[in-house]
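# Summary of structural features
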Amino acid sequence: MVHNALSKQSAVGIDTTAIRIRESVIERRARFRGLAEPLSLLMALAVLIVVFSLLNERFLTTSNFQNVLTQSAIPLIVAVGATLVILLGSIDLSVEGVMGATGMTWILLSANSRGGVDLGPWAWVIALGVALVLGVASGLIFTALKVPSFIVTLGMWYVGLGIATMLYGTDLLPRLEDEGLKGWTSRISFGLPNSFWVALLVIGLGILVLRSTRIGRVTLAIGNSETIVRSAGLPAFRVKVAVFAIAALLSGLGGILATVQLDIGSPTVGSGVLFIVIPAVVIGGTHLGGGKGGILRTVLGVFLLTILNNGLILSGVESSYQSAVTGAILVAAIVFAAWSQRDRLRVAK
C-alpha cells in the first residue's frame, strides 16, 4: 500500500514537471515569435533601403528622408485607429469616405476661394464632429444590430463619400486661402515635417490608450474572446462603439491634413489611403482575428510600404508595375496572416 502510494505521488510529480516543461517551451516559443515578427520587418526595411540606395543615389538624401516622413504621416495617423479596430477582430473600410467628408467640411468652413464663413478653430471642431458621428454610427450598427463590420463600414465609406460630394457641389474647387496653413504639413520643424510630428503624437497617444487604459485592455480582451469579456461584466458594447469612434476621428484628422497638404478640397482626398493602412496593419503582425498585435508593429508596416513606393518611384518604375508590386505584397501578407490563423478564422483548407 505504501509502495503504491509512493508510486502514485512519484507519477504525479513527473506529470507536473512535464506540464511545467511543456508550458515553459510554449512560453519561449511565443516570446520568440513575438520578437521574430518585428525583427523580420526591420530586416525587410533594411534590405529595401540598401537596394533602393544602390539603384538611386537620391534615395538616402535628407530631402528624400523628409519626403518619406511626409508621405507616411497621414497613413500612420489613420493606421492607429485601424489597428484598434482590427484588434477587436473587426475591420474599418470607411476610411476614405470619412476622410473626404471631414476634409470637405473643414475647408468649406475655413478661409477658401469660394468665400463663405471662416470659422477658424471651430471648423476643426465641426469637421471632426462629422467624423465622430460617422464613427459612432458604424459602431452602433455593428454592435447593436449585429451587422458585420465589413458591411457596415463599407456602407459608411459611401455615406461619407456622398456627404463629401454634396458639399463639393458643382462650383469650382475650394482652394485654401489661409497662407499660414498652406504647405504647413510639409514644413520642417526641428528637422521633421509638421505632419510627422502630429503622427508621432497620435502614435504616442494610441500606445498609451492601448496599454494603460481600460478601453485598450478591453479591446484586446474582446479580440481574444468577447464571450469571456461579457461574462466578466466588462463594457464590451461601449468599448466597441468607442473604438470605431476613435478610428473615425483619426481618419477625419487625416482627411483634414490631406486637404491642407493639397491646398484644395476634394471628395476623394483619401483615395488610396485604405490600401496602405490595412496592408500595413496586417504586415505589421496584428492578427486579423483580433487580440494580438500593436501600434508599433503597424508603424513598421506603414514605413515598409511607404519606403517601397518611394523607392519604386525614384527607381523609375512605371505606376502600373508599382501597383502590381504593392498588390502582390498585400495578397502575400493576407495569405500568410490568414494561414497562420486559419483555425481561429475558420478559413477552409
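Note on numbering: residues in each chain are counted from 1, in written sequence order. pLDDT decides what is reported in this predicted model: residues at 70 or higher carry local features, side-chain atom pairs at 80 or more are listed and counted, and totals for whole chains, interfaces and linings draw on all residues regardless. The side-chain values count all of the structure's non-hydrogen atoms but skip hydrogen atoms and water molecules.

Looking now at the packing of aromatic side chains. Two aromatic rings, drawn from Phe, Tyr or Trp (for Trp, its six-membered ring), form a pair once their centres lie within 6.5 Å of each other, and the interplanar angle then sorts them: stacked below 30 degrees, edge-to-face above 60, tilted otherwise. The final tally for this structure, using the stated rule, is 5 aromatic pairs. Relative to Phe59, the ring of Phe52 lies with its centre 5.7 Å away and its plane at 45 degrees, an arrangement referred to as tilted. A 1.4 Å probe rolled over the protein chains alone gives each residue an accessible area, and that area as a share of the maximum for its type sets the label: buried under 20%, exposed over 50%, partly exposed in between. With relative accessibility at 6%, the residue Phe52 sits in the buried group. Phe59 sits in the buried class, given a relative accessible area of 7%. For the pair Phe142 and Phe244, a centre-to-centre distance of 5.3 Å together with 50 degrees between the ring planes defines the contact as tilted.

For any two helices packed against each other, one specifies the inter-axial angle together with the distance between the axes. The interhelical angle for the contact between helix 2 (residues 62-87) and helix 6 (residues 194-212), taken along N-to-C directions, is 20 degrees, at an axis separation of 8 Å. On the basis of their axis angle, the class for helix 2 and helix 6 is roughly parallel. Considering only the axes of helix 2 and helix 6, their crossing is left-handed. Residues Leu69, Thr70, Ser72, Ala73, Leu76, Ile77, Val80, Leu84 and Leu87 of helix 2 pack against Ser195, Phe196, Val198, Ala199, Val202, Ile203, Gly206 and Leu210 of helix 6. By residue class, the composition of the contact of helix 2 with helix 6 is 13 nonpolar, 4 polar and no charged. Orientation is described by axes fitted as lines to C-alpha atoms, over the contacting stretch for helices, and by angles from 0 to 180 degrees between their N-to-C directions. Where helices and strands are cited, they refer to DSSP runs of H or I of at least four residues and of E of at least two residues respectively, numbered from the N terminus. Orientation is classified from the angle alone, with under 35 degrees giving roughly parallel, over 145 giving roughly antiparallel, 65 to 115 giving roughly perpendicular, and any other angle giving oblique. For any pair of crossing helices, the crossing counts as left-handed if the nearer helix is rotated counterclockwise from the farther one by less than a right angle, and right-handed if it is rotated clockwise. The contact criterion used throughout is that any non-hydrogen atoms of two residues lie within 4.5 Å. Just so you know the grouping, Ala, Val, Leu, Ile, Met, Phe, Trp, Tyr, Cys and Pro go in nonpolar, Asp, Glu, Lys and Arg go in charged, and all remaining residues, Gly too, go in polar.

For our purposes a nonpolar core is just a set of buried Ala, Val, Leu, Ile, Met, Phe, Trp, Tyr and Cys residues, chained together by side-chain atoms within 4.5 Å. One finds Leu76, Ile77 and Met99 to be the most contacted residues of the largest nonpolar core, which totals 67 residues. If one sorts the elements of this core by residue count, helix 2 sits on top with 14 residues. Ignoring anything within four residues of it in the chain, the contact list for Ile77 reads Val198, Ala199, Val202, Leu250, Leu253, Gly254 and Leu257. Counting 11 residues, the second-largest nonpolar core is a separate cluster that includes Met104, Ala123, Ala127 and Ile256.

Before going further, it helps to examine the confidence of the model for the chain. The predictor's confidence in any single residue is recorded as pLDDT, a number from 0 to 100. Averaged over the chain, the pLDDT score is 85; the fraction of residues at 70 or greater is 83%. In this model, residues 344-349 is a region of pLDDT below 50 whose contacts with residues beyond four sequence positions or in other chains number 8 contacts.

Take the pattern of salt bridges next. Oppositely charged side chains may form a pair once their charged atoms are brought near each other. When a carboxyl oxygen of Asp or Glu lies within 4 Å of a side-chain nitrogen of Lys or Arg, that pair is called a salt bridge. Under the defined criterion, the tally for this structure stands at 3 salt bridges. In this structure, Arg230 engages Glu226 in a salt bridge whose closest nitrogen and oxygen atoms are separated by 2.8 Å. A residue pair is termed a helical-turn pair when its members lie 3 or 4 positions apart in one helix, as Arg230 and Glu226 do in helix 8 (residues 226-231) at 4 residues. By relative accessible area, which is 24% here, Glu226 ends up partly exposed. Within the structure, one salt-bridge network assembled from shared partners comprises Glu226, Arg230 and Lys240.

A helix's residues, less one, multiplied by 1.5 Å, set its expected span. Helix length check: helix 5 (residues 149-168) (20 residues) gives 28 Å between terminal C-alpha atoms against 28 Å at 1.5 Å per residue, within 8%. Every buried residue belonging to helix 5 is among Ser149, Val152, Thr153, Met156, Trp157, Gly160 and Ala164, and all of these are buried. The buried residues of helix 5 occupy an angular sector of 145 degrees when the element is viewed end-on, so they sit on one face. Of the exposed residues in helix 5, those oriented more than 90 degrees away from the buried face are Tyr158 and Met166. After helix 5 finishes, the residue Gly169 shows a positive phi value of roughly 65 degrees. This arc corresponds to the set of directions leading from the helix axis out to the C-beta atoms.

What follows covers the side chain of Ser266. Looking at the element boundaries, Ser266 is found in the loop between helix 9 (236-262) and helix 10 (274-283). Using a relative accessible area of 16% as the deciding quantity, one classes Ser266 as buried. Non-local contacts of Ser266, meaning those with residues more than four positions away in its chain, are made with Gly100 and Met104.

So, on to the environment of Gly120. Considering the arrangement of structural elements, one finds Gly120 in the loop between helix 3 (95-108) and helix 4 (121-144). Separated by 11 residues in the primary sequence, Gly120 and Leu109 place their C-alpha atoms 7.6 Å from one another.

Here Arg211 lies in helix 6. Separated by 83 residues in the primary sequence, Arg211 and Gly294 have C-alpha atoms spaced 9.5 Å apart. Not counting the four nearest positions on each side in its chain, Arg211 is found in contact with Arg217 and Leu296.

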